[in-house]
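Letter by letter, the chains look like this.
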Number of protein chains: 2
Amino acid sequence: MIKRGQIGRCFDLNTREGIIRVDSSRVFYAFSPDLEPVIKVPPRSILEIETNDCYSNQLVDTGLFVTQIDWSRINPATGPVYVEGAEPGDTLVVKILKIETADEGLLITVPGTGALPDLVREARAGRCYVVGDKVVFRGKVVEARKMIGVIGVATRERTSTGVPGRHGGNLDTRHVTEGSTLYLPVEVEGALFGLGDLHVAMGDGEVCVTGCEVGGKVLLVLDLIKNAAPKWPVLETEDSIYVLVSHEDLSKAVTEAVEIGVKAISRATGLDWHEAYMLASMAMDVEISQVVDPRKTVRIRLPKYLFPHVTDIMKFT
Amino acid sequence: MIKRGQIGRCFDLNTREGIIRVDSSRVFYAFSPDLEPVIKVPPRSILEIETNDCYSNQLVDTGLFVTQIDWSRINPATGPVYVEGAEPGDTLVVKILKIETADEGLLITVPGTGALPDLVREARAGRCYVVGDKVVFRGKVVEARKMIGVIGVATRERTSTGVPGRHGGNLDTRHVTEGSTLYLPVEVEGALFGLGDLHVAMGDGEVCVTGCEVGGKVLLVLDLIKNAAPKWPVLETEDSIYVLVSHEDLSKAVTEAVEIGVKAISRATGLDWHEAYMLASMAMDVEISQVVDPRKTVRIRLPKYLFPHVTDIMKFT
């Protein structure tokens, strides 16, 4: 069955006809302008991108202990994908259609990491099993909340895939999931998009520094908005618009996110700044994505009933 | 129609028969052990407590400008209510049945306050109108999210009603609403419970320092759990258990909240600490209640599907 979707191309989800596949044999560990693209695609392309787990499968494939991992191979991103016509100042639009994951994953603890770095005594791995829409861990059952941890475009300077920022990267935001659309500011020609670090389950905070970490495949559409870009990643879900702000200091991330939110509300509604501050105080939520990466990620949530068009907010962020 | 509820008393929501009324003529501005009770009630009492708005109605009743407010009369709590048999080490259980509010409220901005204190140039008031389940502000319509800002028990030392803490107080947590149950550690004989600072709408963060501030009435049940108390307020909603931790420093509030959450998960499940850290990383959310009070309030959310009995978590917090 051939479907003609909103994205304006013919594709078939069953045969994968019309879908560009990118396997996980080519990965990178830092976003940078000198990455060699694995493929060049036009805007509106549908891709199925395969990913390794955040440990580059070292714990699964080679049976290493946590202490034996090669830490230079953490958070591999598959790609990069060069998007034809993408130039600095444009927005790369990433519509996430489907996330498929392996049915087993691994969490780890490492002394000195996570939200409680001083309390972690042991390097440990714990296996998590995916059963339908649940995750089983040590006999406890939690709801699966599939998501993408690392997703971004190349930065003008080299940025480790472990770090979140204006380009995306290690956003570790659980709403980056099926049905969501991420808007990323293009910094270099071709955008040089990549992703990895899938989680079957991760809570806000990602407190132990990992979720249920798995390899998998992501089906997505890459598109462009020319000559307009947000300053920070903007995420659109069914009912919300988020702006994702990362900073070494959590409080500073909060302040910058709120400042962006109030300014965007003011410009999108025509309310003056003080009125927008009041409106934000009633209707905008300040939320935490993660507190364990080199920069912490805070998100502000704006309800779509107030701003139905993401571009109303996006262009003012 | 007389109903016999779970709370084990006869009452009639229509005639208010069996419901103890506390009007807003007696308020206090600091929780302390020497407060004079306005009423003494046995456990399992149903009360309807009337509240003034957070400005002690100064802007509404007297028509003052924001700059003319008597700031010593901010955040009045109605009460206190003495609960017979309540002793230090017990838990006061507050089941919130219904919140009724005035149909107009006020937000204000004040230079030097809120999440962006340096950007506020003007002291301003903005009126918000309640229309059904919506709030109208300057022609914009936002969803009403009725909640109680100040709710707590007396502390051994004097604590302003503007400050949140282990005793509750100015928690400014939007899930403190109809249908929720708050568990507060009793610090002084009789608990000396009070509440105020109702909001018709307030986002996580309460970024401008006020929500849509209104007077109103809260229908609730006060009950006791003897000889067991959480260290911080615990809040139970339909699907979640929250622990509410407040600290001058946002990051320290996050750290303390996560530490409590991991320890509680470990003890409630039998998982060892490292395993509980991993489980928390998948299923526990770190959320922000407010970032504008003298202490910031962070909440951790634990899904009830994992911990159906709030006491499993409460006693370990």
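Residues numbered from 1 in each chain as written. Chains lettered and ligands numbered in written order. Predicted model: local features only at pLDDT ≥ 70, side-chain atom pairs only at ≥ 80, totals over all residues. Heavy atoms only, no water.

1. Considerations on the overall build of chain A
Then comes step 1: A count of helical and extended segments in chain A gives 4 helices and 25 strands.
Then comes step 2: Based on the C-alpha atoms only, the size of chain A along its principal axes is roughly 60 × 50 × 40 Å.
Then comes step 3: A burial count over chain A gives 61% of its 317 residues as buried.
Then comes step 4: Considering only contacts within chain A whose residues lie at least 6 apart along the sequence, 74% involve residues at least 24 apart.
Then comes step 5: Approximately 11,800 Å² of chain A is accessible, and the part contributed by carbon and sulfur atoms is 47%.
Then comes step 6: Averaging the positions of the 35 positive and the 43 negative side-chain charges in chain A gives two centres separated by 1 Å. (Helix = DSSP H or I, 4+ residues; strand = E, 2+ residues; numbered from the N terminus. Buried < 20%, exposed > 50% of the residue type's maximum accessible area, 1.4 Å probe, protein only. Contact = heavy atoms within 4.5 Å. Areas by Shrake-Rupley, 256 points an atom, 1.4 Å probe, with all protein chains shown as cover. Lys, Arg positive; Asp, Glu negative; His and termini not counted. Charge placed at Lys NZ, Arg CZ, Asp CG, Glu CD.)

2. Some points on the interface of chain B and chain A
Then comes step 1: Chain B puts 64 residues into the contact, and the matching count from chain A is 65 residues.
Then comes step 2: Across the chain B/chain A interface, buried area totals approximately 5,200 Å², and carbon plus sulfur atoms make up 68% of it.
Then comes step 3: On the chain B side of the contact with chain A, Tyr277(B), Met278(B) and Met282(B) bury the most area, a combined 16% of that side's loss.
Then comes step 4: Counting the contacts that link chain B with chain A gives 8 salt bridges.
Then comes step 5: Residues Arg124(B) and Asp272(A) are paired through a salt bridge, measuring 2.8 Å at the closest nitrogen-oxygen approach.
Then comes step 6: Linking chain B to chain A there are 34 residue pairs in polar contact (both at pLDDT 80 or more). (Buried area = accessible area lost by both parts, 1.4 Å probe. Salt bridge = Lys/Arg side-chain N within 4 Å of Asp/Glu carboxyl O. Polar contact = N/O pair within 3.5 Å; in protein donor to acceptor, adjacent residues only side chain to side chain.)

3. What to know about the sheet that holds strand 24 (residues 285-290) of chain B
All names here are of chain B.
Then comes step 1: With mixed pairing, the 9 strands of this open sheet are ordered in space as 3-7-21-9-18-22-23-25-24. With partners counted over all chains shown, the strands left at the sheet margins are strand 3 (20-22) and strand 24, one partner each. In this sheet, neighbouring strand axes are inclined to one another by 25 degrees on average, regardless of whether the strands run parallel or antiparallel.
Then comes step 2: Note: strand 9 (residues 91-101) against strand 21 (residues 216-225), 10 bridges, orientation antiparallel. Pairing of Lys95 across the sheet is with Val221, part of strand 21. (Pairing = 2+ DSSP bridges. Axes fitted to C-alpha atoms, helices over the stretch in contact; angles between N-to-C directions.)

4. Observations regarding the confidence of the model for chain A
Then comes step 1: Across chain A, the average pLDDT comes to 94, with 95% of residues at 70 or higher.
Then comes step 2: Confidence drops under pLDDT 50 across residues 1-10 of chain A; counting only partners more than four residues distant or on other chains, this segment forms 22 contacts. (pLDDT = per-residue confidence, 0-100.)

5. Looking at the pattern of salt bridges
All names here are of chain B.
Then comes step 1: A full pass over the atoms with the stated rule returns 40 salt bridges over all chains.
Then comes step 2: Arg295 is paired through a salt bridge with Glu248; the nearest N and O atoms lie 3.6 Å apart. Linking Arg295 in the loop between strand 24 and strand 25 (296-303) with Glu248 in the loop between strand 23 (240-247) and helix 2 (250-269), this pair joins segments that are 47 residues apart in sequence.
Then comes step 3: Classification of Arg295 by relative accessible area gives partly exposed; the value is 27%.

6. Some points on the relation of the copies chain B and chain A
Then comes step 1: Of the transformation superimposing chain B on chain A, the axial component is 0.0 Å and the angular component is 180 degrees, with the fit at an RMSD of 0.0 Å. Both chain copies can therefore be described as sitting about a two-fold axis. Closest approach to the rotation axis within chain B is made by the C-alpha atom of Glu287(B), at a distance of 3.0 Å.
Then comes step 2: A share of 100% of interface residues in chain B that are also interface residues in chain A marks the association as one of identical surfaces. (Least-squares fit on C-alpha atoms with pLDDT ≥ 70 in both.)

7. Describing the packing of aromatic side chains
Then comes step 1: One pass over the structure, following the stated rule, counts 4 aromatic pairs over all chains.
Then comes step 2: It is Lys40(A) that lies over the ring of Tyr82(A); its NZ or CZ is 4.2 Å from the centre. (Phe/Tyr/Trp six-rings, centres within 6.5 Å; stacked < 30°, edge-to-face > 60°. Lys NZ or Arg CZ within 6 Å of the ring centre and 35° of its normal.)

8. Quick notes on helix 3 (residues 273-283) of chain B
Residue and element names in this part refer to chain B.
Then comes step 1: Summarising burial for helix 3: 10 of the 11 residues are buried, a large majority.
Then comes step 2: What helix 3 keeps buried is the set His274, Glu275, Ala276, Tyr277, Met278, Leu279, Ala280, Ser281, Met282 and Ala283.
Then comes step 3: Near the N-terminus of helix 3, the side chain that reaches the backbone nitrogen of His274, with its oxygen 3.1 Å away, is that of Asp272.

9. Some details on the side chain of His167(A)
Residue and element names in this part refer to chain A.
Then comes step 1: Counting through the fold element by element, His167 comes out in the loop between strand 16 (164-165) and strand 17 (168-170).
Then comes step 2: Given a relative accessible area of 2%, His167 falls into the buried group.
Then comes step 3: The residues contacting His167, other than those within four sequence positions of it, are Phe31, Ile151, Gly152, Val153, Thr155, Thr159, Leu184 and Glu187.

10. Thoughts on the packing of helix 2 of chain B against helix 3 of chain B
All names here are of chain B.
Then comes step 1: It is at 8 Å that the axes of helix 2 and helix 3 come closest, and there the two elements cross at 115 degrees. Comparing their axes, helix 3 and helix 2 come out roughly perpendicular. Regarding helix 2 and helix 3, the two cross each other, and that crossing is right-handed. Between helix 2 and helix 3, the residues in contact are Val262, Ile265 and Ser266 and Trp273, Ala276, Tyr277, Leu279 and Ala280, respectively.
Then comes step 2: When its residues are assigned to classes, the contact of helix 2 with helix 3 shows 7 nonpolar, 1 polar and no charged. (Parallel < 35°, antiparallel > 145°, perpendicular 65-115°, else oblique. Left-handed = near helix turned anticlockwise from the far one by under 90°. Nonpolar A, V, L, I, M, F, W, Y, C, P; charged D, E, K, R; others polar.)

11. Description of the environment of Gly169(B)
Residue and element names in this part refer to chain B.
Then comes step 1: Note on placement: Gly169 falls in strand 17 (residues 168-170).
Then comes step 2: Classification of Gly169 by relative accessible area gives buried; the value is 0%.
Then comes step 3: The contacts of Gly169, once residues within four sequence positions are left out, are Phe31, Gly149, Val150, Ile151, Gly152, Val163 and Pro164.

12. Focus: the pairing of strand 25 (residues 296-303) of chain A
All names here are of chain A.
Then comes step 1: Most of strand 25 is tucked away, with 7 of its 8 residues classed as buried.
Then comes step 2: In this structure, strand 23 (residues 240-247) lies alongside strand 25, joined through 8 bridges in antiparallel fashion. Looking at strand 25, one finds that Val243 is bridged to Ile300.
Then comes step 3: In the sheet, strand 24 (residues 285-290) pairs with strand 25 via 5 bridges, with the strands oriented antiparallel. Within strand 25, the position partnered with Glu287 by the bridge is Arg299.
Then comes step 4: What sits between strand 24 and strand 25 in their antiparallel hairpin is a turn of 5 residues.

13. Some points on the pairing of strand 13 (residues 140-143) of chain A
Residue and element names in this part refer to chain A.
Then comes step 1: Direction of pairing for strand 12 (residues 134-137) relative to strand 13: antiparallel, over a ladder of 4 bridges. Within strand 13, the residue paired with Lys134 across the bridge is Glu143.
Then comes step 2: Count of turn residues in the strand 12/strand 13 antiparallel hairpin: 2 residues, of which Arg138 carries a positive phi of about 50 degrees.

14. Description of the sheet that holds strand 21 (residues 216-225) of chain A
Residue and element names in this part refer to chain A.
Then comes step 1: In spatial order, the strands read 3-7-21-9-18-22-23-25-24; together these 9 strands make up an open sheet with mixed pairing. Only two strands of the sheet have a single partner each, and these edge strands are strand 3 (20-22) and strand 24. Direction aside, neighbouring strands of the sheet carry axes that sit 25 degrees apart on average.
Then comes step 2: Inspection of the sheet shows strand 22 (residues 234-236) paired to strand 23 by 3 bridges, in the antiparallel sense. Its bridge partner lying in strand 23, Val234 is registered against Val243.

15. Focus: the state of the cysteines
Residues and elements named next belong to chain A.
Then comes step 1: Per the stated rule, a full pass over the model turns up 2 disulfides over all chains.
Then comes step 2: Disulfide pairing is shown between Cys128 and Cys212; the S-S distance is 2.1 Å. The chirality of the disulfide connecting Cys128 with Cys212 is right-handed, given an S-S dihedral of about 100 degrees. Linking Cys128 in strand 11 (residues 124-131) with Cys212 in the loop between strand 19 (193-199) and strand 20 (213-214), this pair joins segments that are 84 residues apart in sequence.
Then comes step 3: Assessed through its relative accessible area of 0%, Cys128 is described here as buried.
Then comes step 4: A residue is classified by how much of its surface remains accessible, and Cys212, at 0% relative accessible area, is buried.
Then comes step 5: Here Cys54 is not cross-linked by a disulfide; its sulfur's nearest cysteine counterpart is in Cys208, at 10.0 Å.
Then comes step 6: Cys208 takes part in no disulfide bond, and the closest cysteine sulfur to it belongs to Cys128, at a distance of 9.9 Å.
Then comes step 7: With a relative accessible area of 0%, Cys208 lands in the buried category. (Disulfide = S-S within 2.5 Å.)

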